[in-house]
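Per-entry structural report
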Amino acid sequence: MKNILNTPKRKIAAAVIAAVVIIGCIYLATTAAGAANSQSRGVGLEKSIAVALADAGLKQDQVQNLKGSFDQEDGLEVYDVYFEANGFEYEYTIKAADGTILESEIETPDGKIVTAEEARDIGLEKAKAAALSHAGVAEKDVTFTKSKKDSDDGRLVYEFEFVKGSTEYDYEVDAATGSILAFSKETVDSAENASGTQSAPSASGQGPSSAASSSTASSASGHPSSSYIGVDKAKSIALNHAGVKASAATFTKAKLDRNDGHYDYEIEFYAGGVEYEYEIDATSGKIREYDSEPMEDDDWDDHDEDHDDDHDDEWDD
């Protein structure tokens, strides 16, 4: 009697287990199919990843930990894309319907949020190396008088000025690619006679074109060099006009330059979070142009601050 009663129970239990297995398989298959289908909603996951990478200025082989998933936010279908590159973490939310970037965030290793352009920044040292390599000089042989990051028509650039012997170099380097955008070279002798060549990039941004010019300080200005006020006096005039004490100022540029046949002292310094630029007539000491503006946090992050009067004397009388 016991075996007879137990036989139907065993059959029922086996049937129940089989039904559960079948239902589970159907659920898993349906879920997998749904997940696969969701990744092709709208523009699709692959296109959404391409949109995020393009915005970051990166290729897929340049990133790590690339992840993408379909989601719904407030009833809107989106793709979430995450990847890492050069120590930065990138997060994007892409509208599934048309590939529009709804949100993006780039975070530094220390938690600071930056723009895509800032994340592509090669850094001051690499930009400096690009300028030195293009000039064909070694860093140990030059003295930097200007080294800063700036914005030129919305493009981040590094601006450098450095001197080797009696030759002064002026460079503008693309902060994202390291390409040379503009450069010039000029030779100034101890008597303040100037001759040299100036070069500018070709349409490609790389190839130089050059034109030579020469003139003497006395013929250009109509006065002998001994009549110039000197760089120290020019610095003092600029400081007095700005209302800044010499002890509070850090000079990044102080030199004699020729503009349209006229000689001026170009003076640049910063103090109290403000950057000052002056052009002062070399003979009269009159301020021809001046400008001041608040400095950004990374304007002078790694410039050479050893700009003492020894270098200034190269142009002094």
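Residues numbered from 1 in each chain as written. Predicted model: local features only at pLDDT ≥ 70, side-chain atom pairs only at ≥ 80, totals over all residues. Heavy atoms only, no water.

**With respect to the overall build of the protein chain**
Short version of the rule: Helix and strand assignments follow DSSP, with helices taken as H or I runs no shorter than four residues and strands as E runs no shorter than two, numbered in order from the N terminus. The cut-offs for exposure are 20% and 50% of the maximum accessible area for each residue type, with area from a 1.4 Å probe on protein chains only; residues under the lower value are buried, those over the upper are exposed, and the others partly exposed. Residue contacts are counted whenever heavy atoms from the two residues lie within 4.5 Å of one another. Throughout, the Shrake-Rupley method with a 1.4 Å probe supplies accessible areas, and for residues the shown protein chains are the sole cover considered.
For the protein chain, the count of helices and strands is seven helices and 15 strands. Put simply, the protein chain has 317 residues, and 36% of those count as buried. Here the contacts in the protein chain between residues at least 6 apart in sequence split such that 42% fall between residues at least 24 apart. For the protein chain, the computed accessible surface area is about 17500 Å², with 49% contributed by carbon and sulfur atoms.

**Side note on the packing of aromatic side chains**
Selection rule: Put simply, two rings from Phe, Tyr or Trp (the six-membered ring, in Trp's case) pair if the centres are within 6.5 Å, and we call them stacked under 30 degrees between planes, edge-to-face over 60, tilted for the rest. Any Lys NZ or Arg CZ that is within 6 Å of a ring centre and within 35 degrees of that ring's normal is treated as a charge sitting over the ring.
Throughout the structure, instances matching the rule amount to 14 aromatic pairs. Their ring planes at 10° and their centres at 5.9 Å tell us that Phe162 and Tyr171 sit as a pair that is stacked. Within the aromatic cluster, the residues linked to one another by ring pairs are Phe144, Tyr158, Phe160, Phe162, Tyr169, Tyr171 and Phe183. A cation over a ring is seen here: Lys128 above Phe144, with NZ or CZ 4.6 Å from the ring centre. The cationic tip of Lys235 hangs over the ring face of Phe251; the distance from NZ or CZ to the ring centre is 4.4 Å.

**What about the sheet that holds strand β13 (residues 262–271)?**
The cut-off we apply is this: A strand pair is defined by DSSP finding two or more bridges across the two strands. Axis definition: a line fit to C-alpha positions, over the contact stretch in the case of helices; interaxial angles, taken between N-to-C directions, run 0 to 180 degrees.
Strand order in the open sheet formed by four strands is β12-β13-β14-β15, with antiparallel pairing between adjacent strands. A strand with exactly one partner marks an edge of an open sheet, and here the two such strands are β12 (250–259) and β15 (287–294). Taking each pair of neighbouring strands and ignoring which way they run, the sheet shows an average axis angle of 10°.

**What about the pairing of strand β7 (residues 155–164)?**
In terms of residue burial, β7 counts as a mostly covered element, since eight of its ten residues are buried. Where strand β6 (residues 143–152) and β7 come together, nine bridges link them in antiparallel fashion. Across the sheet, the residue bridging to Lys149 is Tyr158, located in β7. Linking β6 to β7, which pair antiparallel, is a turn of two residues; within it Asp153 sits at a positive phi near 55°. Here eight bridges tie β7 to strand β8 (residues 167–174), and the two strands are oriented antiparallel to one another. Following the sheet pairing, Lys164 is matched in β8 by Thr167.

**Description of the confidence of the model for the protein chain**
Heads up, the rule is: One number per residue, pLDDT, summarises how confident the predictor is, and it ranges from 0 to 100.
Looking at the protein chain as a whole, the pLDDT averages 76, with 68% of positions reaching at least 70. For residues 190–224, every residue scores under 50 in pLDDT, and the model assigns this stretch 76 contacts once sequence neighbours within four places are set aside.

**A short note on the pattern of salt bridges**
If charged atoms from side chains of opposite charge come close, those side chains can pair. Test applied: For salt bridges, the criterion is a side-chain nitrogen of Lys or Arg within 4 Å of an Asp or Glu carboxyl oxygen.
Tallied over the full model, the rule gives 15 salt bridges. Measuring nitrogen to oxygen at the nearest pair gives 2.6 Å for the salt bridge that ties Lys255 to Glu168. In this pair, Lys255 is assigned in strand β12 and Glu168 in strand β8, connecting sequence segments 87 residues apart. There is no split in this pair, since Lys255 and Glu168 are both buried.

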